[in-house]
Each structure stands twice: as structure tokens, then as C-alpha cells.
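Take a look at the letters that make up each chain.
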Protein chains: 2
Amino acid sequence: MNDLIHATGSDVRAACRAGRHTGPTPGLALGYVHANLVILPRDWAFDFLLFCQRNPKPCPLLDVTEAGDSEAKLTAPGSDLRTDLPAYRVWEHGELVAEPTDITRYWRDDLVSFVIGCSFTFETALMAAGVPVRHIEQNVNVPMYRTNVPCKPAGRFSGPMVVSMRPLTPAQEVKATQICSRFPRAHGAPVHFGDPTAIGIRDITKPDFGDGVEIRNNEVPVFWACGVTPQAALMQAKPPFAITHKPGHMFLTDLKDTDLEGE
Amino acid sequence: MNDLIHATGSDVRAACRAGRHTGPTPGLALGYVHANLVILPRDWAFDFLLFCQRNPKPCPLLDVTEAGDSEAKLTAPGSDLRTDLPAYRVWEHGELVAEPTDITRYWRDDLVSFVIGCSFTFETALMAAGVPVRHIEQNVNVPMYRTNVPCKPAGRFSGPMVVSMRPLTPAQEVKATQICSRFPRAHGAPVHFGDPTAIGIRDITKPDFGDGVEIRNNEVPVFWACGVTPQAALMQAKPPFAITHKPGHMFLTDLKDTDLEGE
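Residues numbered from 1 in each chain as written. Chains lettered and ligands numbered in written order. Predicted model: local features only at pLDDT ≥ 70, side-chain atom pairs only at ≥ 80, totals over all residues. Heavy atoms only, no water.

**Side note on the domain arrangement of chain A**
Residue and element names in this part refer to chain A.
At step 1: Domains assigned within chain A are domain 1 (2-117 + 231-260) and domain 2 (120-230).
At step 2: Distance from the C-alpha centre of domain 1 to the C-alpha centre of domain 2: 22 Å.
At step 3: Each side of the interface is counted separately: domain 1 has 33 residues, and domain 2 has 31 residues.
At step 4: The contact between domain 1 and domain 2 buries some 2700 Å² in all, and 60% of this surface belongs to carbon and sulfur atoms.
At step 5: Counting across the domain 1 and domain 2 interface gives 1 salt bridge.
At step 6: The salt bridge involving arginine 156 is made with aspartate 47; its shortest N-O contact spans 2.8 Å.
At step 7: Applying the counting rule to domain 1 against domain 2 returns 16 residue pairs in polar contact (both at pLDDT 80 or more).
At step 8: Breaking the side of domain 1 that touches domain 2 down by element, the ones donating at least two residues are strand 1 (32-41), helix 2 (42-54), strand 2 (61-64) and helix 6 (228-237).
At step 9: No other element matches helix 2, which puts 7 residues into the side of domain 1 that touches domain 2.
At step 10: Per-class residue counts for the side of domain 1 that touches domain 2 are 20 nonpolar, 7 polar and 6 charged. (Domains from an automatic or database assignment. Contact = heavy atoms within 4.5 Å. Buried area = accessible area lost by both parts, 1.4 Å probe. Salt bridge = Lys/Arg side-chain N within 4 Å of Asp/Glu carboxyl O. Polar contact = N/O pair within 3.5 Å; in protein donor to acceptor, adjacent residues only side chain to side chain. Helix = DSSP H or I, 4+ residues; strand = E, 2+ residues; numbered from the N terminus. Nonpolar A, V, L, I, M, F, W, Y, C, P; charged D, E, K, R; others polar.)

This is the structure:
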């Protein structure tokens, strides 16, 4: 796995395709964009595309395939979304039914794949600017919370915004807002800071997903729209069939983090 | 019509609905977002939504309705897209068949409406910052050109990017880039300046749409992605049925131009 740290996105995809890498991707292919993956049958695709379009902060679309096409042509030419992730989750009617490392046998000609931006992109930029990322310092998963902030519904999809949290001093929060504003396709600027109850979070020490992290006396919790939001909407809508990446086991694109800067 | 200059977006919609206004909208409801409109049957909507998602500079989506819903809920609550524009164009198989001021009798339960950002938003910001907009000074339509820059195709939709042109000095171009970068949902920053042939424009004095404008010795032509692009893609794909706004006769939203700033 160490050889994949300074590898390209394409190298990591090849390692996954060959079965040489089946683990999480944080820290791999430094500087390349890691992405969330959601795959749905075509008759659910319009509603989901509209859900993403209406909720760009939690669901920033990087690439959407034509039905049946397993190549992410715009973000990773030559890729095969059926084999190039380390691990997947297969869902039926909102229930997890399998966690394979290859979805070739599940593939259908009516499947549309959605490649969605990921917080790893802005975390790299934060650390490069000297803004600390606590869960990386503590070597745990980022804390994530369901909020009482509703996403804008679209067709059969609805649900609360899920947020991730990083503790920062006020000066760091200002810097983080400036940096993350440059990455609208990686969740962009924070959506809230300070009082967790203002967005329906009862106990900041008990995240709904991931792990709790230390918040120091001079810090406030800072909240970003999170890529778990589309998965939560998916589980609520319960389409008969869906495939996602396994959490932390992302799709590596050919995009560099810097490609996501600006418009 | 003069009373509509300092009116709200909602006032202009009401005037259109009552048949009191059937003319162009430039200059009306100052500060409110004017928008392009494309209406398609549901079985064409996914491809078009994907086309817009892949080509956000020419096709910046502001609002997309559910099939059959004639209200632009997110950008203009209470609106009726069948009556609230001054004039429409009805298309069959890529041919213009009617230019009504009301499309109630054409309405179908499978129609999806796309509300798309418009250059009026950034032109207002340019003029407020002292950057001249030549076609407004000369009181003509903005010059627009087909380029040889292909849009990213999506399903049945493809075609060249259409651009609008405004002549600026180099210092004004820099300022315009800074200002327009703040409005990614109103075509954003320019896509080119200088040599027109570099993007396939043979004769700058002969625009494909709109009117020619003067370019002074100290100025370069500056090109922006243009909202005519989606209409050109539509005409090329020739769906059996489509409705658009009549050029210059835009949909007035409740959004303020400043709402489109940032992410």
C-alpha cells in the first residue's frame, strides 16, 4: 500500500482492478481527487441527478455516466467503475446485501453512475495552509452528524443534510472558509459553526457516523456539508437496486485537487 | 412598461400573466435575476439535465421543476411558467411552430422546466463597477457567435459552445474576470479573449446572432459562454416537442443578482 501514496489516481485504480488494493484510500495518490460513488438504475437517475443539482454543497457532482457506461469518461478516461474501487456496497430496497471488491457480476445496462466530490480535497488544502484537521491528527474517522436541516427534495429523494465537523479556532475558521470557498465541487465553505443544537445536533461528543474528536477550549466546532448526505437520501428512498462505494474506499480520479479550484 | 423598471421580479411576472407586458425584459426589475427557460418532455429531461451539468458555463442551472409542475418553486415561489414570461417559442422536431405569449394550451403533465442563468446578471455588476458594456451603450443586442469549441455531449444533446462578446481594454478585462468569477451561475468568467479565429470565429464583425458592435483600437474582444448554447443544442437534437423563452423575453425570478454571488 505504501507504494500507492505517491502514485497517480490511475495507479490506484489499476491496483484495485488487479485486486492488489482492497483497503481504504485516505492518504493514497496524494494530490489526486478522491470521489464518492453512487450507482442507480436509469429510472431513478433523473430524480437523483436533480437531487444533486438542488443540493450542490452535500452532493457536488464531478461526473455522471450515460446509462450502461462503466467508464467515468470526464474525470478518469479508461477507468472501469465496476472494478476500479477497493470495495463497494450493494443495496436492495435500502438494505445492504453485499460488500464486494468488484461489481462486474452486478452490472446492468441501465445503470447510471454518479461521481461526487469528497472532503479529502479540501482537507489537503487546509493542511497545506497550516489549518489543523483534528481527526487526521488523532488518526480516527471524521465525526459526522445528521442535522435538522432538510435537503431540498427532488422526486423520490429527500432527507436531512449530514455534516462533518472539524474543531478550529475563530482565526482558523476564517482561513478555512477562504480556502474551502475555492472548492465548491468538494463541499465548499462551511455551513455552520458554534452551537450544535442550532442545526439539531444534540450531543457533539456522539457523532452519528465516524468517531468523536477533541474540541479544545479556544475552538469552535465547524460544520461542512458531507458526502454521506446522498447515501442517507438513498437509504431513505429505498430504490430496488443501488451500488455505492464502501465508506472510506473512494474512487480515484485523474483530476488533481487543484483542478477543483474556482468555478 | 416604465413602471416595471423599479418593480420586483414578481411584479413583472404578474404583468406578463395579466397580458400587460409582452415585450423584452432587459432593464426591467433592476437587480432581479432574469433567466433563460427550456421546457422538455420528461423522456428528454435526463439527457438535458446531464448536458447542463457537464457544461455549467453556458448552461448554469438555477431551477429545475418536477415533471408536470409549472411552478419554479426554488427561484420564484408562486410563479406559473405557463403564463409568467412575456413571450415563448414552441418547437416541434427542431422547427419553430409558434410564438405565443401564454403556453397554457400547450402544457402537458410530462413537461420538465429548466431555468438557466443569464448574462444580464453579470452585466449589471460590470456596469456598477464602471466596466463598459458596449451593446448596451449602443442600444443594440449583444453580439453572439458559434465557436468551434464543442460542448461535452450528453445523451442526445451535443453542439458547439455559443459565446457572447464585449470589447474591453486589458485592464477592464482583468476587472471583468474578477467580477464575473463571483457569478458562476450567470456564465462566470470569460472563456477567451483576443484572436477570434482561435475559437473558430471567422469574422468578428458578423455575429451569428444579435448585432455587431464597435471594437476600439485599445480594446480586445472578450468572450463569455452564452445562454444561446443550450438552445443551439436543442435545435440540433430536434426533440419532438420543446418550449423556450423568446430571445430577450426572459423569466423574472425572485432571486436578486447578489444571490448568485459565490458558490
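Back to the text.
**Thoughts on the relation of the copies chain A and chain B**
At step 1: You can overlay chain A on chain B at an RMSD of 0.0 Å; the transform is a turn of 180° with a shift of 0.0 Å along its axis. Such values leave the two copies arranged in the relation of a two-fold axis. No C-alpha of chain A lies nearer the rotation axis than that of Phe46(A), which sits 2.6 Å from it.
At step 2: Both copies contact each other with a shared surface, as 100% of the interface residues of chain A are interface residues in chain B too. (Least-squares fit on C-alpha atoms with pLDDT ≥ 70 in both.)

**Side note on the pairing of strand 1 (residues 32-41) of chain B**
Residues and elements named next belong to chain B.
At step 1: Along strand 1, 10 of the 10 residues are buried, which leaves the element largely enclosed by surrounding structure.
At step 2: Where strand 1 lies against strand 11 (residues 251-256), 3 bridges are found, and the strand directions are antiparallel. Bridge pairing links histidine 34 to leucine 252 in strand 11.
At step 3: Looking at chain direction, strand 1 and strand 5 (residues 111-116) are connected through 6 bridges and run antiparallel. Bridge assignment links proline 41 to a residue of strand 5, and that residue is leucine 111.
At step 4: In terms of strand pairing, strand 1 meets strand 10 (residues 242-245) through 2 bridges, oriented antiparallel. (Buried < 20%, exposed > 50% of the residue type's maximum accessible area, 1.4 Å probe, protein only. Pairing = 2+ DSSP bridges.)

**What to know about the packing of helix 3 (residues 120-128) of chain A against helix 5 (residues 170-181) of chain A**
Residue and element names in this part refer to chain A.
At step 1: With their axes 10 Å apart at the nearest point, helix 3 and helix 5 run at an angle of 130° to one another. Here helix 3 is positioned oblique relative to helix 5, judged by the angle of their axes. Taken as a pair, helix 3 and helix 5 cross one another with a handedness that is right-handed. Residues Phe122, Ala125 and Leu126 of helix 3 touch helix 5, and the partners they reach there are Ala176, Ile179 and Cys180. (Axes fitted to C-alpha atoms, helices over the stretch in contact; angles between N-to-C directions. Parallel < 35°, antiparallel > 145°, perpendicular 65-115°, else oblique. Left-handed = near helix turned anticlockwise from the far one by under 90°.)

**Considering the interface of chain A and chain B**
At step 1: Contact residues are listed per partner, giving 25 residues for chain A and 26 residues for chain B.
At step 2: When the two sides are added together, the surface that chain A and chain B hide from each other amounts to roughly 2000 Å², 56% of it contributed by carbon and sulfur.
At step 3: At the junction of chain A with chain B, the criterion picks out 2 salt bridges.
At step 4: Residue Glu66(A) pairs with Arg54(B) through a salt bridge whose shortest N-O separation is 2.9 Å.
At step 5: Scanning the region where chain A abuts chain B turns up 8 residue pairs in polar contact (both at pLDDT 80 or more).
At step 6: Where the side of chain A that touches chain B is concerned, the elements lending two or more residues are helix 2, strand 2 and helix 5 of chain A.

**A closer look at the nonpolar core**
Considering soluble globular proteins, one finds that nonpolar side chains tend to be buried as a cluster.
At step 1: Membership of the largest hydrophobic core comes to 69 residues, with the highest contact counts inside it found for Phe114(A), Phe157(A), Phe114(B) and Phe157(B).
At step 2: If near-sequence neighbours (up to four positions away) are discounted, Phe114(B) is found in contact with Asn36(B), Leu37(B), Val38(B), Ala45(B), Phe48(B), Leu49(B), Leu61(B), Asp63(B) and Val64(B). (Core = buried A, V, L, I, M, F, W, Y, C linked by side-chain atoms within 4.5 Å.)

**Topic: the side chain of Gln172(B)**
Residues and elements named next belong to chain B.
At step 1: Here glutamine 172 lies in helix 5 (residues 170-181).
At step 2: Polar side-chain contacts of glutamine 172 include one of 2.9 Å to the backbone nitrogen of threonine 169.
At step 3: Beyond its immediate chain neighbours, meaning those up to four positions away, glutamine 172 contacts Val131 and Pro132.

**Digging into the sheet that holds strand 8 (residues 192-193) of chain A**
Residues and elements named next belong to chain A.
At step 1: Taken together, 4 strands build an open sheet; the order of strands is 6-7-9-8 and the sheet is antiparallel. Of all the strands in the sheet, just strand 6 (144-150) and strand 8 have a single pairing partner and so form its edges.
At step 2: For strand 7 (residues 160-168) and strand 9 (residues 220-225), the ladder comprises 6 bridges, and the chain directions are antiparallel. Bridge pairing in strand 9 places arginine 166 opposite valine 222.
At step 3: Here helix 5 sits on the sheet and contacts strand 7, strand 8 and strand 9; the angle it forms with strand 7, its principal contact strand, is near 130°.
At step 4: Against the sheet, helix 6 engages strand 6 and strand 7, with an angle of about 155° to strand 7.

**Description of the sheet that holds strand 6 (residues 144-150) of chain B**
All names here are of chain B.
At step 1: Taking strand neighbours across the sheet as the criterion, the 4 strands line up as 6-7-9-8 in an open arrangement whose pairing is antiparallel. The open sheet terminates on both sides in strands that have one partner only, identified here as strand 6 and strand 8 (192-193).
At step 2: Where strand 6 and strand 7 (residues 160-168) come together, 4 bridges link them in antiparallel fashion. By the bridge assignment for strand 7, tyrosine 145 is matched with valine 163.
At step 3: Across the sheet, helix 6 (residues 228-237) lies against strand 6 and strand 7, angled at about 155° from strand 7, the strand it touches most.

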